[in-house]
Amino acid sequence: MVIRRIGELADRALRRQGVPSDVRSRLELLAPPPSADLAELIGVCDRPDVSAFEALRERYAAAMNFDSGAFFTPRAVTSLLVRIAAGEGEQDLPVYDPWVRGGEMLREVGNLLGPESPVRGTSPSSEALQLAAMNLALHGQHADLRLSSARPWMEPPPEFRAGAVVMNPPFNRRAARPDTGPDRDWLFGPPPVHNDNYAWLQYAVTCLSPEGRAAVLMPHQASSSSDEREHAIRREMVEQGAVEAIVALPARLFPGTDTTVIAWFLSRPTETPKQVLLVDASTMVATQEGTVILSPDADTEIAQLFRARQDLSEGEVRRLPGGALAISVGVQRLRWNDYSLDPADYVDHVEPDDDSEPVSAISAFARLEQLHGEILQEGVYARPVRPQPAGRSLGALPDGWLRVPLGEVCEIQAGPAVSRLGPDERTPDGSVPIVMPRHLRQGEIVANDIDKATHQTAERLARFQLLPGDILCIRAGAMSQPTLVNQEHEGWLFGANLHRLRIRAPERVDARYLKRFLNLPSTLEWLHRRSRATVIPTINSRDLSHLIVTVPPLTEQQEIESALTLLDRQIAVHEEYVRAAHEARSLLTDELIKGSVIV
């Protein structure tokens, strides 16, 4: 009887918040508790405590093992979104969250603008609305919370316009919507049926007042996806001036998932493209009781930079605490980068501070020269390489150097379909080897256990044959180092899960230099980041063609390759010296102990 009464009181309190509630029936499902436990429960209900609610909410989230549509948004992330979206907004207009989770977005509005600020929230989940209502009520904040469709863009538009929209919608969900009818009336173009990400972005903009701003969390991949519809929408958003800023956040901010997240800051379209502030805040990270969090004051630092974005000139780079980088990018460069909005595609080309990496490299090679002298005393020859500071400004390239998409440098050919070069086309009696991903090891083709095709099959698949100077990259599966094709591999075939890069103008680009560039850690990270988020990582030719390559003049490419080849030889000599020293020590130890030799 007491449990039922507690449920009735909870239902009444939630209905006063405008939220349908059925706590009573849920509590009646519980087994009758011992009288001591019941007395403790009544005492807790009589003394509501905000911190206790927060702890219970976190335990509830952990127990439920939520998917991307239900997990709660970390406090620092909600603070960042609300500070930027609502901090400069029209405070007499409501702040709207179209996918209420635990009320954390709307609660942050109360923290920033005061508990009387008008807020609205919708959700297809009555449980989420109840939890949000409890959260807001405990903080003395009232909200207009309502049930809605899981696809609100299919419903009539809201009767109000929001001064700000703040939202963490579910990621990568498939919409069960028709491809015709009113669903096609989109601001920037119809999103793909298989994914709602760009539907949420457009819905957020649709809900804004003329001067409003939206802050929407999206999976990282959405910022540079190659899906034709998403790419077309992203292009229109940029060209119509709807994108104000993109902020890449650290990985593992959301407990229970490794999904990396980007915050989009959007406005109503103006028909005029504008500079976009791109912030790579992936390094602004800290830990708290073993949990990854956004570093202290990161939300304030980024929000302050956003408010000062108009003071940034096109291409200007700003550094933030924790190694984060921001850059103001103009529409021409966005067009050149095929409308990618991934900050890493732009700040990856920003050089470190002038007094950091070059000095450490010079120090490292000074140490190498010292070791060189020691090695000479042991009879091992190696001429040291001595790098010098380039003496150029931050982010600038030397005269004559270019940055161009890989697709302009190379012809990119994906391997033949399995139906064209499958098991039936492979025979031990064949004469033409077939290179597969397993044969690419440490940057070399290792032709052990290699399948072969007949000469007739190779002629039929002539466009999949290899020439010296080609470069092979893995297309699907575990990504390994790109590999240069040598003279001995001429005429060989390559398999389905590989890409072949063939330089278009060998008089401009040296294949050995390009292989070095493709093996840079930053390039391999780019390839990993662009690999499609499927069970087997995959990168397609279109995505690969967007990789930006630094291209010096040919003579300087050859000088770079010569210096690095020399260093490779030195490493090989030193490694061989160490292996020989280990072997000599082992033999000497054995013979000294046996008395065979003396020292």
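Below: a short report on this structure. All of these numbers come straight from a predicted model, not from anything done at the bench. (Residues numbered from 1 in each chain as written. Predicted model: local features only at pLDDT ≥ 70, side-chain atom pairs only at ≥ 80, totals over all residues. Heavy atoms only, no water.)

### Focus on the pattern of salt bridges
Condition: Each reported salt bridge corresponds to a side-chain nitrogen of Lys or Arg within 4 Å of a carboxyl oxygen of Asp or Glu. Each helix is a run of DSSP H or I of at least 4 residues and each strand a run of E of at least 2, with the numbering of both proceeding from the N terminus. Burial classes: relative accessible area under 20% of the type maximum marks a residue as buried, over 50% as exposed, and values in between as partly exposed (1.4 Å probe, protein chains only).
Going through the model one piece at a time under the given rule, you end up with 21 salt bridges. Residue R213 pairs with E244 through a salt bridge whose shortest N-O separation is 2.5 Å. Remark: E244 occurs in strand 6 (residues 243-248) and R213 occurs in strand 5 (residues 208-219); sequence separation between them is 31 residues. The partner of R500 in a salt bridge is E411, with the nearest N and O atoms 3.2 Å apart. With R500 in strand 22 (residues 498-503) and E411 in strand 14 (residues 410-414), this residue pair connects regions lying 89 residues apart in the sequence. In this structure R500 comes out as buried when scored by relative accessible area, which is 2%. Linked by salt bridges that have partners in common, R120, D144, R146 and E159 make up one network.

### As for the packing of helix 8 (residues 197-206) against helix 9 (residues 228-239)
Each pair of packed helices can be described by the angle between their axes along with the distance between the axes. Note the threshold: Angular values range over 0 to 180 degrees, each being the angle between N-to-C directions of two axes fitted as lines to C-alpha atoms, with helices fitted over their stretch in contact. The labels follow the angle: roughly parallel below 35 degrees, roughly antiparallel above 145, roughly perpendicular from 65 to 115, and oblique for the rest. In a left-handed crossing the near helix is turned counterclockwise from the far helix by less than a right angle, and in a right-handed crossing that turn is clockwise. Whether two residues are in contact is decided by their heavy atoms, any of which lying within 4.5 Å being enough. Nonpolar residues are Ala, Val, Leu, Ile, Met, Phe, Trp, Tyr, Cys and Pro. Charged residues are Asp, Glu, Lys and Arg, and all others, Gly as well, are polar.
With their axes 10 Å apart at the nearest point, helix 8 and helix 9 run at an angle of 25° to one another. Classified by the angle between their axes, helix 8 and helix 9 sit roughly parallel to one another. Our pair here, helix 8 against helix 9, has a crossing hand that is left-handed. In contact with Y198, L201 and Q202 of helix 8, helix 9 contributes E230, I233, R234 and M237. Classifying every residue of the contact of helix 8 with helix 9 by side-chain character gives 4 nonpolar, 1 polar and 2 charged.

### Examining the environment of R318
This is how the line gets drawn: A 3.5 Å cut-off defines polar contacts: any pair of N or O atoms within that distance qualifies, except that in protein one atom must be a possible hydrogen donor and the other a possible acceptor, and neighbouring residues in sequence count only when both atoms are side-chain atoms.
One can find R318 in strand 11 (residues 317-320). For the pair R318 and S328, spaced 10 residues apart in sequence, the C-alpha separation works out to 8.7 Å. Look past the residues within four positions of R318 in its chain and what remains in contact with it is L305, L312, A324, L325 and A326. Polar contacts involving the side chain of R318 include one to the side chain of E316, which spans 3.2 Å.

### Quick word on the side chain of T457
With respect to the secondary-structure elements, T457 resides in helix 15 (residues 455-460). Take T457: its relative accessible area is 10%, and that puts it in the buried class. A distance of 3.0 Å separates the side chain of T457 from the side chain of T454, its partner in a polar contact. If we skip the residues at most four places from it in the chain, T457 touches L421 and E425.

### Regarding the sheet that holds strand 22
Where strands meet in a sheet, backbone hydrogen bonds hold them as pairs that are either parallel or antiparallel. The test is simple: A strand pair is defined by DSSP finding two or more bridges across the two strands.
Taken in spatial order, the 4 strands line up as 14-22-19-20 in an open sheet, and their pairing is antiparallel. The open sheet has two edge strands with one neighbour each: strand 14 and strand 20 (483-484). The pairing of strand 19 (residues 471-474) with strand 20 spans 2 bridges and is classified as antiparallel. When the bridges of strand 20 are listed, I471 appears paired with L484. Sheet contacts for helix 16 (residues 511-518): strand 14, strand 19, strand 20 and strand 22; angle to strand 19, the most-contacted strand, approximately 20°.

### Description of a nonpolar patch on the surface
Quick note on the threshold: Patch rule: a residue counts if its relative accessible area is over 30% and it has no salt bridge; like charges are joined within 9 Å, and nonpolar side chains (Val, Leu, Ile, Met, Phe, Trp, Tyr) within 5 Å. Computed with the Shrake-Rupley method and a 1.4 Å probe, the accessible areas treat only the protein chains shown as cover for residues.
A cluster of nonpolar side chains, contributed by L588, L592, I593 and V599, occupies part of the molecular surface with about 440 Å² of accessible area. Residue position: V599 is located in the segment after helix 19 (554-594).

### Let's talk about helix 17 (residues 521-530)
This is how the line gets drawn: Each direction from the helix axis to a C-beta atom contributes to the arc, which is the arc of those directions.
For helix 17, the complete set of buried residues consists of T523, W526, L527, R529 and R530. Down the axis of helix 17, the sector holding all buried residues measures 165°, keeping them to one side. Looking at helix 17, the residues exposed on the side facing more than 90 degrees away from the buried face are P521 and H528. Packed against the buried residues of helix 17 are helix 12 (344-347), helix 16 and helix 18 (541-545).

### Notes on the side chain of E108
Residue placement: E108 occurs in helix 6 (residues 104-113). Once residues within four sequence positions are removed from consideration, E108 is found in contact with R75, T78, S79 and V82.

### So, the environment of W401
Relative to the elements of secondary structure, W401 occurs in the loop between helix 13 (357-377) and strand 13 (402-405). Between the alpha carbons of W401 and E556 there is a distance of 9.5 Å; along the sequence they are 155 residues apart. If we skip the residues at most four places from it in the chain, W401 touches T550, V551, P552, P553, E556 and I560. A polar side-chain atom of W401 sits 3.2 Å from a polar atom in the side chain of E556.

### Here we look at the environment of N519
Looking at the secondary structure, you find N519 in the loop between helix 16 and helix 17. Given the relative accessible area of 18%, N519 is considered buried. Spatially, the C-alpha atom of N519 lies 9.0 Å from that of T483, the residues being 36 residues apart in sequence. Leave out the neighbours within four places in its chain, and N519 touches Q481, P482 and L524.

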